[in-house]
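Overview (structure and organization)
Next come the chains, spelled out residue by residue.
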Amino acid sequence: MTLFDQIQSDPFASDRQRMVEYQLRGRGIRDERVLDAMARVPRHEFVPERFHAQAYEDHPIPIGYGQTISQPYIVALMLEALALEPTDKVLEIGTGSGYQTALLAELAASVYSIERHAGLAQNAERVLAKLGYTNIVVLVGDGSEGLPQDAPFDAIIVSAAAPELPSTLVEQLRDGGRMVIPVGPAHAQELQLVQKQQGQLLVSYLEGCRFVPLITGQGYPSE
Ligand code: SAM
């Protein structure tokens, strides 16, 4: 398919390419698998229709239930830090719109994604099925408990802020696994990369960030 055909069939193809070049590559994202996936996945399909024109802009967008789809750069930063292999089994906490879930499905073998709002989970499932993804399971529940029956995971990505590192999720990471999670008080957090190596945790700090809170269990007590 030529670039002209692509633009004809997807009116957002050039917006998406600009997002990749200026917001992601321009800010230091270097992982070509992540950049390719973000150049492919139609982000506008995951936001309400009235926000389609803003889908590739450099900010979060409301998706209902008081929640947001994260800024593209933050999504790319988290995915790059996870260093996913095509054979990986991934756990995602906070499906939201399902956009990041689609990217995980492009980069890994299988994705289990947990969302506490049933309405968001249903919407995400609908869009993901429409786009043809078959390696994703979306579940409704409290993701701070993880998914012990399917653990251990090669990678865990948490898209809501936790006051501290949730030990339950750390336990569900396999040795050699990686977790990316925003940790800190409700108004501002630090994005952390947690690597489990021979039973030890190696924690590095990626960037300051502000996520919606991880609710209940090992997260914040209420919305
Ligand atoms: N990455 C998502 C996307 O691409 O649209 C955006 C995620 S949004 C920033 C955070 C999500 O985490 C919200 O949808 C919220 O309902 C969900 N969430 C918060 N606490 C949760 C919990 N304990 N279990 C599961 N989901 C939770």
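Coordinates for the structure precede this section.
A brief structural summary.

Here is what the cut-offs are and how they apply
Residues numbered from 1 in each chain as written. Predicted model: local features only at pLDDT ≥ 70, side-chain atom pairs only at ≥ 80, totals over all residues. Heavy atoms only, no water. Axes fitted to C-alpha atoms, helices over the stretch in contact; angles between N-to-C directions. Helix = DSSP H or I, 4+ residues; strand = E, 2+ residues; numbered from the N terminus. Parallel < 35°, antiparallel > 145°, perpendicular 65-115°, else oblique. Left-handed = near helix turned anticlockwise from the far one by under 90°. Contact = heavy atoms within 4.5 Å. Patch = residues over 30% accessible without salt bridge, like charges linked within 9 Å, V, L, I, M, F, W, Y side chains within 5 Å. Areas by Shrake-Rupley, 256 points an atom, 1.4 Å probe, with all protein chains shown as cover. Salt bridge = Lys/Arg side-chain N within 4 Å of Asp/Glu carboxyl O. Near = heavy atom within 4 Å. Polar contact = N/O pair within 3.5 Å; in protein donor to acceptor, adjacent residues only side chain to side chain. 1 Å grid on protein atoms, 1.4 Å probe; cavity = no way out; pocket = protein on both sides within 12 Å on 5 of 7 lines; lining within 4 Å. Sits in = over half its atoms within 2 Å of the grid points. Buried < 20%, exposed > 50% of the residue type's maximum accessible area, 1.4 Å probe, protein only. Phe/Tyr/Trp six-rings, centres within 6.5 Å; stacked < 30°, edge-to-face > 60°.

What follows concerns the packing of helix H4 (residues 72-82) against helix H5 (residues 99-107). Between H4 and H5, the least distance of the axes is 11 Å, while the angle of their chain directions is 30°. Judged by the inter-axis angle, H4 sits roughly parallel to H5. For the element pair H4 and H5, the recorded crossing hand is right-handed. Mapping the contact onto sequence places Val75, Met78, Leu79 and Leu82 in H4 and Tyr99, Gln100, Leu103, Leu104 and Leu107 in H5.

Residues Leu201, Val203 and Tyr205 make up a contiguous nonpolar surface patch of roughly 270 Å² in combined accessible area. Tracing the sequence through the fold places Val203 in strand E9 (residues 200-209).

In the region of the ligand, 24 residues are neighbours, and Ser97, Glu115, Asp142, Gly143 and Ile215 sit closest. The contact in question runs from a nitrogen atom of the ligand to an N or O atom on the backbone of Arg116, over 3.3 Å. Gly143 places a main-chain nitrogen or oxygen 2.7 Å from a nitrogen atom of the ligand. The cavity that encloses the ligand is the largest pocket. Take the shell around the ligand: its biggest share by element is three residues, from strand E2 (residues 67-69).

A separate point is the pattern of salt bridges. Oppositely charged side chains may form a pair once their charged atoms are brought near each other. Using the criterion set out here, one finds nine salt bridges in the structure. For Asp88, the salt bridge goes to Arg178, with nearest N and O atoms at 2.8 Å. Separated by 90 residues along the polypeptide, Asp88 in the loop between H4 and strand E3 (89-93) and Arg178 in strand E7 (residues 173-183) bring together distant segments of the chain. Here Asp88 and Arg178 have matching classes, each one buried. Put simply, Asp154 and Arg174 hold a salt bridge, and the shortest N to O gap is 2.4 Å. Linking Asp154 in strand E6 (residues 153-158) with Arg174 in strand E7, this pair joins segments that are 20 residues apart in sequence. The exposure class assigned to Asp154 is buried, which follows from its relative accessible area of 14%. Salt bridges sharing partners connect three or more residues here, namely Glu21, Arg25 and Glu32.

Next up on the list: the environment of Ser167. Looking at the element boundaries, Ser167 is found in helix H7 (residues 167-171). Of the residues examined, Ser167 reaches a relative accessible area of 42% and is grouped as partly exposed. Counting along the chain gives 22 residues from Ser167 to Glu145, while the straight-line C-alpha distance between them is 9.4 Å.

So, about the packing of helix H3 (residues 32-40) against H5. Two elements in contact, H3 and H5, have axes whose closest approach is 10 Å; the angle formed by their N-to-C orientations is 130°. Relative to H5, H3 is oriented oblique. Seen along the crossing, H3 lies across H5 with a hand that is right-handed. Where H3 approaches H5, its residues Arg33, Val34, Ala37, Met38 and Arg40 are matched on the opposing element by Tyr99, Leu103, Glu106 and Leu107.

Another aspect to go through is the packing of aromatic side chains. For the coordinates displayed, the defined rule picks out three aromatic pairs. Plain terms: the ring middles of Phe12 and Tyr56 are 6.0 Å apart, the flat faces sit at 35° to each other, and that makes the pair tilted. Within this pair, whereas Phe12 is found in the loop between helix H1 (3-9) and helix H2 (13-24), its partner Tyr56 is found in the loop between H3 and strand E1 (61-64), the two being separated by 44 residues in sequence. Centroid distance Tyr112 to Phe153: 6.0 Å. Interplanar angle 70°. Geometry classified as edge-to-face. Taken together, the residues Tyr112 in strand E4 (residues 110-115) and Phe153 in strand E6 connect sequence positions 41 residues apart.

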